[in-house]
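Survey of secondary and tertiary structure
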Amino acid sequence: MEIHSHTHCLSAMPALRQALTVLNGKWKLPILMAIRAGSSRFGEIERSVPGISGKVLAKELKDLEDHRLLQRIVHAGPPVAVTYAVLPYAETLDPIIFMLRDWGSQHQRLLESTPSVNT
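The structure contained in this document is the topic of the report that follows. Within each chain, residues carry numbers counting from 1 in the order of the written sequence. It should be noted that, the model being predicted, local features are given only for residues of pLDDT at least 70 and side-chain atom pairs only at 80 or more, the latter also being counted only at that level, while totals for whole chains, interfaces and linings use all residues. Only hydrogens and water are set aside when side-chain values are computed; all heavy atoms of the structure are taken into account.

Time to look at the environment of tyrosine 84. Only DSSP runs of H or I covering at least 4 residues are called helices, and only runs of E covering at least 2 are called strands; the numbering of each starts at the N terminus. Turning to its location among the elements, tyrosine 84 is positioned in strand S2 (residues 81-86). We call a residue buried when its accessible area falls under 20% of the maximum for its residue type, exposed when it is over 50%, and partly exposed in between, using a 1.4 Å probe and counting protein chains only. Take tyrosine 84: its relative accessible area is 11%, and that puts it in the buried class. Residues tyrosine 84 and arginine 17 lie 67 residues apart in sequence; the distance between their C-alpha atoms is 26 Å. Any two residues whose heavy atoms approach within 4.5 Å at even a single point are treated as in contact. Ignoring sequence-local partners within four residues, the contact set of tyrosine 84 consists of Ile35, Ser40, Ile45, Leu61, Leu70, Gln71 and Arg72.

Turning our eyes to something else, we now look at the side chain of aspartate 94. Counting through the fold element by element, aspartate 94 comes out in helix H5 (residues 94-113). By relative accessible area, aspartate 94 is classed as buried at 18%. Of the polar contacts made by the side chain of aspartate 94, one reaches the side chain of arginine 36; its length is 2.4 Å. Identification of polar contacts relies on pairs of N or O atoms within 3.5 Å, with a donor-acceptor requirement for protein atoms, meaning one able to donate a hydrogen and the other able to accept it, and with residues adjacent in sequence counted only if both atoms are side-chain atoms.

By definition here, a salt bridge exists when the distance from a side-chain nitrogen of Lys or Arg to a carboxyl oxygen of Asp or Glu is within 4 Å. Inspection of the entire model under this criterion finds seven salt bridges. For glutamate 60, the salt bridge goes to lysine 59, with nearest N and O atoms at 3.5 Å. Salt-bridge contacts for lysine 59 lead to aspartate 63; the nearest nitrogen and oxygen are separated by 2.6 Å. Here the residue lysine 59 and the residue aspartate 63 both occupy positions in helix H4 (residues 54-66), the gap between them amounting to four residues, near one helical turn. The partly exposed category is assigned to lysine 59, whose relative accessible area is 47%. Salt bridges sharing common partners tie together Lys28, Lys59, Glu60 and Asp63.

This part is about the nonpolar core. In these notes, a set of buried Ala, Val, Leu, Ile, Met, Phe, Trp, Tyr and Cys residues joined through side-chain atoms within 4.5 Å is what counts as a nonpolar core. The biggest cluster of nonpolar side chains holds 20 residues, and the ones touching the most others in it are Ile31, Ile45 and Leu61. Of all elements in the fold, only helix H1 (6-23), helix H2 (28-36) and H4 reach the threshold of two or more residues within this core. Tallying contributions element by element places H2 first for this core, with five residues.

Moving on: H4. Helix span is expected to be 1.5 Å times the residue number reduced by one. Here H4 spans 18 Å end to end across 13 residues, near enough to the 18 Å set by a 1.5 Å rise per residue. Those residues of H4 lying buried are Leu57, Glu60, Leu61 and Leu64. Down the axis of H4, the sector holding all buried residues measures 105°, keeping them to one side. Where the residues of H4 are buried, they touch H2, helix H3 (42-48), strand S1 (70-75) and S2. Backbone geometry just downstream of H4 places arginine 68 in the positive-phi region, at approximately 60°. Along the arc lie the directions from the helix axis toward the C-beta atoms.

Of note, threonine 83 is situated in strand S2. For threonine 83, a relative accessible area of 13% gives the class buried. Side chain to side chain, threonine 83 and histidine 75 meet in a polar contact 2.7 Å long. Here threonine 83 is in contact with Ser40, Arg41, Gln71, Arg72, Ile73 and His75, once residues within four sequence places are set aside.

Okay, unusual backbone geometry next. In the segment running from glycine 77 into proline 78, the intervening peptide bond is cis, with an omega of 0°. Within the secondary structure, proline 78 is located in the loop between S1 and S2. For the bond running from proline 78 to proline 79, omega is -15°, close enough to zero to count as cis. Relative to the helices and strands, proline 79 is located in the loop between S1 and S2.

Set out below in structure tokens:
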């Protein structure tokens, strides 16, 4: 394991905080993945992300749009339709998503194979 100096760790904090601000919570990455998998309308996205409420989805979509990870597209009607598309910049998250997926699988195996410290 690589050892970092105290100064190095402290200097990394602003960038780490920025990343966590963009990706905070449990919904943003699943929303991005749902849209990339083909769900583009609000209702489709809501059905693709189990457990999310419409209110939370609306807020998270706005945040992702503000951070330039997705685009809200209004199609002229009638009826007016709104779809969402992941912007190419969001692909820069792919290595992070894959690393989190792998770490999550590894962590789940650890939890399943070792007794809890509190038992």
